[in-house]
Amino acid sequence: MITLAHFVGLSFVVFTIGVVGVLVRRNLLTVLMSIELILNAVNINLVAFSRQLGDLTGQVFSVFVIIVAAGEAAIGLAIVLSLYRLKSSVNLEDAAEMRG
Amino acid sequence: MNLPLWLIPALPLAGFLLNGSVALFSGWRRARKATAAWREAHPGDHGHDEHGDAGHGPGDHGHDDHGHHGPFLPYGERLFYGVVGVLSVGLAAVVALANAVPYALASTASEGGIGPVVQSVWKWMAAGHVSIDMAFRLDPLSAMMVSFVTFVGLLIHVFSVGYMQDEEGYGRYFAYLNLFMFAMLTLILADSLVVLFIGWEGVGLCSYLLIGYYYDKDFAHAAGKKAFVTNRIGDFGMVLGIFGILALFGTADFSFVDMAKAGAVNGTASITVYAVCLLLFLGAVGKSAQVPLYVWLPDAMAGPTPVSALIHAATMVTAGVYLVARCSAVFVLAPDALTLVAWVGAGTAVFAATIGLAQNDIKKVLAYSTVSQLGYMFLACGVGAFGVGMFHVFTHAFFKACLFLGSGSVIMAMHHEQDMRAMGGLGRKVPRTYLTMMVATVAIAGIPPLAGFFSKDQILGAAFAGGHLVLFAIGLLTAGMTAFYMFRLARMTFYGEFRGTPEAEKRVHESPATMTIPLIVLAAGSILVGFLGVPEALGGANRFVSFLAPSLATAHPHHLSHATEYVLMALSVGVAAAGILLAWRWYGQKGATPEVPSAAAQAFYEKTGALGRLVENKWYVDEGIEAAVLSPFRRIGTFLWRGFDSLVIDGIVNASAFLVELTGDLVRFFTTGNVRNYALSFTLGVLVLALYVFLR
Amino acid sequence: MALPFPLSDLLVILPELILSELALGILLWAAVVKRERERALAWASLASLAIAAALLPVAASFAGELPRSAFGGMIALDGFSLFFKALTLLAAAVTILFSLRFVGTSPYPGGEYYALLLLTTVGMMFMASGTHLVSIYVALELMALSQYVLAGYFKQETKSVEAAAKYFVLGAFSSGVLLYGLSLVYGATGTLSLGGVSAALEAAPRSTLLMVGVVLVACGMLFKVASAPFHVWAPDVYEGAPTPVSAFFAVGPKLAAYAIFARIFFDGFGPRSDDWAPVLAASAALTMVVGNVGALMQTNVKRLLGYSSIGHAGYALLGLLAYRAGGAAGQPEAFGLWAILFYLTAYLLMTFGAFGLVVLLEAKGYATESVDDFNGLWKRNPLAAGAMVVFLLSLAGIPPTAGFVGKYLLFSAALKAGWPALVVLGVLMSAVSLFYYFRIVRAMYLVDGEGEVRWREEPAVAVAVGLCFAGTLAFGVLPQPLIALAKSCLLP
């Protein structure tokens, strides 16, 4: 039987994959997707807890998270675009002019 | 007449605002005119300055050299700045004396003095249970300080009118000088350590800006760094000391002095009285240029000479002594801290005096002398004679200001030559400067009945009476060295033959009245102010010290018999006389060259070599003294100056700077510019914090 | 259909509502306005902010007795939120004054810029009011998303776009971590309203799930206020973003972040303060060191001020730590919190002042303003140099400036709360900070400038800087009214 622990465990795995993705991938688009993974891990958690607690707040929150994630993706892609226009690359390593 | 205390700092502040805004406006107008004139001369070149930014005109850059092409400013404008500058301080002096003199008279008339007058102007801030008022306090200590600071400050302002007349930034100079007076008077009159801190930082800022004002090139690079590092260390101690006082007494206003006297200390505070005293003393050491934080003061001589006289001799540098005296009741609760004060003071006194022996720059001699005399003051405080220490602050302000202003007059007469080896025989050419400086020299050397004798003798007496024989011996030795280097200075400057170029000799001139009158007044002060504190052994009542007593800790009075006191006096006068005699013999005689004025004796010997054994033998004796006593000292002095000062102290300064830079580089190293590394550091931070909570 | 909330709740958020409408209106107007008439947009934005500010007391009076909760506990109007709303409106107004010419003379359209600025402000205002983790999160994202765009607004400049990319990746990452923490807190307490969380924590035993959640939320918050070790984005973003935007970032969003930081951790996680206080303390110590030491070696002024603002975040954290300090006999007085309110006001004034002078600096290239550009400023513009000295003294905490009073309040609060080691470190780092602040003073006063760098003659910026100057001095000399105001604006 699938219990809450399974959901939380799955969410943690997805979260970890997302974090590792942000850490190791160079491509800004992949990083963007990894961040979406983190947000989806959050949504799994929220919905699972909501179900467990019999409280709707979590599900409503997850809808908000989805909406914000959409906005975030839009802006992220816009930034990817302008970075590409300047550098002809979407590699984060190419955006390291400022340091120290 | 009831003049509120806040007027005393407020008047110089008003002078600052008035002079500052007028200087700003007229500078802006001049720049405008210069730009317009430049435009007329370059009609085709309009694109550059389309917005006419103020002060950006090319006319500004023509006057960068501080040469002497006559006054930069029109007479009327100069007159305005001078009058505002002098008048604001003059009025402050009037208000100060109108408050202090009646207070002093009433206090000395009644048994045990009268209580302090505290005038709160507004409630500054109320934080938690601690409320800090913007309040000013008139008590014996502040009455004494405020009297001499405004008086000497006024004289130095008057002196500046003449001294600075050729300078471009005349208006700004007076504005800053007034700002300094405001800060210094706030420092003195403050009724709380926090308000005192306003003045404490204010005088530091003004000092920094005034030092670097005209002679910017060198200062900006080396000296500024030193002044800065040492002052930061001092301020660190000061701020923590204030918080410590707050922790111990629950208040930062000077009622904590009475609490300390009554022994009402919070024993559960997380800081001990000893630590608080050390922290406050660290602040005092930084401000008053004691070992090891003294290094900035000699460098500060890069500033205009009246600034050296006002800030780096008479007033600001004594703030540390004032702080220790103000908190004396706390210091006596921690006798170990007091012992440290005494030893640092004595150490500084002898150390700086040794260096003073080897200096050839007239201002440097005076600078090291100031450091040494400040050491004396701390020595007095350290042996519990706070009143005597403050007495020396008082007398020192007069003769040292006179010496600095005199040196300024000499430097001006010599057209900005400061090397004493290129001087000599100036006594006949600048008679007023010469006479007044000689009075001050005799005073600092400790020859009775001039001011320095009374204060210095009492410091030595207090050290002796307290059973600190080593400290006493150090003080005595320093007294001899003081007399020596001061008379060396006098001899090299005013006596003998002129050692500079003949053209330079022709141009030597006495200074105008605005400069000589302050000198004369200060010289008169150097003669007279000592009589305020004539000790009982000499038939006086030591009014000065007994007047100050209510503000200070009740020191354990060690009474010496009059006979012992006479012996001590004779000893100190004898040592001073010996110093004078040696200096007189070895410096500034005929035939000296700019390179080796002290080899005068050698020339003398060569001329008269055939004349007989007597002279020759005498020379041997003196050379023996020179070789056995003076030369080692001069070598030590040179070593301390060249070696210790530039190797060890600079080393410490540079090492701390290096350490800080290293950590800075470390921080920069981790800021690689690569986002993935940033995300990694973020994740590591999360993991460490999560782990911490996990393991708890 | 009946509304799920009383209509009067709308009045509680009246300033935000009107400001959002006006922001959208400006966005529409921007679509039709001619390029050379864009200045009008700026003035309209300024007017919108003024209207919103004027509506604050109106909303307060309509709301009746404060604190007033609205929308089922999502939003609250209290003195605390009003204080922060006023500050954020002021921050946005100053930013617009800074931007007038900076953006006006740039090749980029001003319309969206001002609209985004206003929307950021709306987000910040909602943050100040949020009492529910959902509303706080949505407001936070409204602010953050607008910020990413503003950072990259000069889209032909590589530094600007780089700043946007870095800010976006790290910001989105951190808000993901924050959200994950929130989801865990939700799981552990069963509620997302701050009051509910607090009550649940009071009752619930200490669970690992919960504590991990709290730590993740703390990390997200520390990122937003640019505290070490989550600060690395700040110098790059401040350097790369257009200067008025950097100034805004250094102040506005940080203020709002402190507001929710205080709210979440005291109203929400308050009962567990023994667990998270050491986390904040460690971060505060690290932040003070990293910010102040990192600034020492900087030559780029914007970067230097960026590091300096990191240092200041560390000082402000001391206030959060000391939140409940200073009460007599068990009566909490929230000394630390009103110390923060005072400090943040002072921080706003002095940071904007310093940045304003950087805005006036017309450097040779985009984002290249260096300390050397200040050389000899006192000869060219003594007033500006004098004002800069006051701002720098205030930033370093020298009396009689607002920065000193603020720091004094923070440090005494921290002492009362029993963090003497942090206070010693803070004093030490303040001493260190003078070194880099005085590098600018030295450049202005002790180094001769040859006038390679031109100074903008810009009345709008001058007015804003003058305002900051007056405030920095006035609140240093007469802090009591502001202290009293801050005291009356605490969390209930």
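Quick caveat: nothing in here was measured; it's all calculated off a predicted structure. (Residues numbered from 1 in each chain as written. Chains lettered and ligands numbered in written order. Predicted model: local features only at pLDDT ≥ 70, side-chain atom pairs only at ≥ 80, totals over all residues.)

Asks: Mind laying out helix α10 (residues 233-240) of chain C, listing which residues take part and the relevant values?
Replies: Counted residue by residue, α10 of chain C has 8 buried out of 8 residues, so it is predominantly covered. Along α10 of chain C, the positions that sit buried rather than exposed are Trp 233, Ala 234, Pro 235, Asp 236, Val 237, Tyr 238, Glu 239 and Gly 240 of chain C. In this structure, the buried side of α10 of chain C is in contact with α25 (675-695) of chain B together with α6 (133-151), α7 (158-189), α11 (243-268) and α13 (301-321) of chain C. (Buried ≥ 20, exposed ≤ 12 C-beta atoms within 10 Å, placed from the backbone. Helix = DSSP H or I, 4+ residues; strand = E, 2+ residues; numbered from the N terminus. Contact = placed C-beta atoms within 7 Å.)

Asks: Any details on the domain arrangement of chain C? Residues and values, ideally.
Replies: Residues and elements named next belong to chain C. By the assigned domains, chain C splits into domain 1 (12-268) and domain 2 (270-492). Placing a centre on the C-alpha atoms of domain 1 and another on those of domain 2 gives a separation of 21 Å. Contacts between the two partners involve 52 residues from domain 1 and, on the opposite side, 49 residues from domain 2. Elements that contribute at least two residues to the side of domain 1 that touches domain 2 include exactly α4 (79-104), α8 (194-203), α9 (208-224), α10 and α11. At 15 residues, the largest contribution of residues to the side of domain 1 that touches domain 2 is made by α11. Its residues assigned to classes, the side of domain 1 that touches domain 2 comprises 36 nonpolar, 8 polar and 8 charged. (Domains from an automatic or database assignment. Nonpolar A, V, L, I, M, F, W, Y, C, P; charged D, E, K, R; others polar.)

Asks: Lay out the packing of helix α16 (residues 431-445) of chain B against helix α20 (residues 513-528) of chain B in plain terms, naming residues and giving numbers.
Replies: All names here are of chain B. Packing of α16 against α20 leaves a shortest axis separation of 9 Å and a crossing angle of 25°. Taken together, the axis directions place α16 and α20 in an arrangement best described as roughly parallel. Judged by the sense of rotation from one axis to the other, the crossing of α16 with α20 is left-handed. Residues Arg 432, Thr 433, Thr 436, Val 439, Ala 440 and Ala 443 of α16 form the contact with α20, whose participating residues are Thr 516, Leu 519, Ile 520, Ala 523, Ser 526 and Ile 527. Here the contact of α16 with α20 is composed, by residue class, of 7 nonpolar, 4 polar and 1 charged. (Axes fitted to C-alpha atoms, helices over the stretch in contact; angles between N-to-C directions. Parallel < 35°, antiparallel > 145°, perpendicular 65-115°, else oblique. Left-handed = near helix turned anticlockwise from the far one by under 90°.)

Asks: Could you give an account of the nonpolar core, with specific residues and numbers?
Replies: Counting residues in hydrophobic clusters, the biggest one holds 512 residues, and the most contacted among them are Ala 401 of chain B together with Leu 318 and Ala 414 of chain C. Per element, the largest residue contribution to this core is 21 residues, and it comes from helix α14 (residues 335-360) of chain C. Leaving out residues up to four positions away in the same chain, Ala 401 of chain B has contacts with Val 152, Ile 156, Ala 309, Ala 313, Ala 314 and Leu 522 of chain B. (Core = buried A, V, L, I, M, F, W, Y, C linked by C-beta atoms within 7 Å.)

Asks: Pulling in residues and values, what's your account of the interface of chain C and chain A?
Replies: Tallying the contact residues gives 30 residues for chain C and 32 residues for chain A. Counting residues per element, the side of chain C that touches chain A draws most heavily on α7 of chain C, which supplies 17 residues. By residue class, the composition of the side of chain C that touches chain A is 16 nonpolar, 7 polar and 7 charged.

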